Amino acid sequence: MSTHDTVSTDDLFARLPEAASFTVTSTTVADGAAWPAEQFSGLFGVPGGKDVSPQLSWTGAPEGTRSYAVTVYDPDAPTGSGFWHWAVADIPATTTGLPEGAGDDTGSGLPEGAFQLPNDARMARFVGAAPPAGHGPHRYVVVVHALDVESTGVAVDATPAVLGFTMAGHVLGRAVLTATAEIPA
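Read on for an overview of the structure. Everything quoted here is computed from the prediction, not taken from an experiment.

## Section: the pattern of salt bridges
Reasoning step 1: Under the counting rule described, the total for this entry stands at four salt bridges.
Reasoning step 2: As a salt-bridge pair, Arg-139 and Asp-76 come within 2.8 Å of each other at their nearest N and O atoms. Linking Arg-139 in strand β8 (residues 138–147) with Asp-76 in the loop between β4 (67–74) and β5 (83–92), this pair joins segments that are 63 residues apart in sequence.
Reasoning step 3: On the accessibility criterion, Arg-139 (24% relative accessible area) is partly exposed.

What follows is the structure, given as structure tokens:
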């Protein structure tokens, strides 16, 4: 058995450099709770879905934080590689939250200098939950990454995976909130 076989798929950060934890909260959804209907994907045909990004607030980031990135990832998507729903890079260190809906087509709620990367649907915006009907519950891992650089240096058309790879050596801390979603068969 290789060491790769012993890493739990439930610990998404097991193979990444260690980082301090800090706190992220949301008025949209509580950690461990189900997404409200607005955070489901109308773009993927989920009835009532509106693809509205969640409100996020964070506190307690490590000293030396010079910027943030925010990602939303579904490790349970039936793709073999999960599904990136949202990625925002270069959020200024003075920012301590994002309003609900910041991840619309224009990124109108993002602070100056921050930008959205194309998600796995190739849209530079938040795409809501759309687990296949009958596939069971999916986790949506919302992470605020505290970084030791002002800019990640990633291109605006980079993928969230490239963002993750680029920032891996710059992560001082991670604040994690996990929402869930399920569509019955």
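Right, picking up where we left off after that structure.
## A few points about the sheet that holds strand β6 (residues 97–98)
Reasoning step 1: Pairing is antiparallel across the open sheet formed by three strands, whose spatial order is β2-β3-β6. Strand pairing shows two members of the sheet lacking a second neighbour, β2 (23–25) and β6, which therefore form its edges.
Reasoning step 2: Note that strand β3 (residues 56–59) and β6 share two bridges and pair antiparallel. Looking at the pairing, Ser-57 lines up with Gly-97 of β6.

Calculation notes
- Residues numbered from 1 in each chain as written.
- Predicted model: local features only at pLDDT ≥ 70, side-chain atom pairs only at ≥ 80, totals over all residues.
- Heavy atoms only, no water.
- Salt bridge = Lys/Arg side-chain N within 4 Å of Asp/Glu carboxyl O.
- Helix = DSSP H or I, 4+ residues; strand = E, 2+ residues; numbered from the N terminus.
- Buried < 20%, exposed > 50% of the residue type's maximum accessible area, 1.4 Å probe, protein only.
- Pairing = 2+ DSSP bridges.

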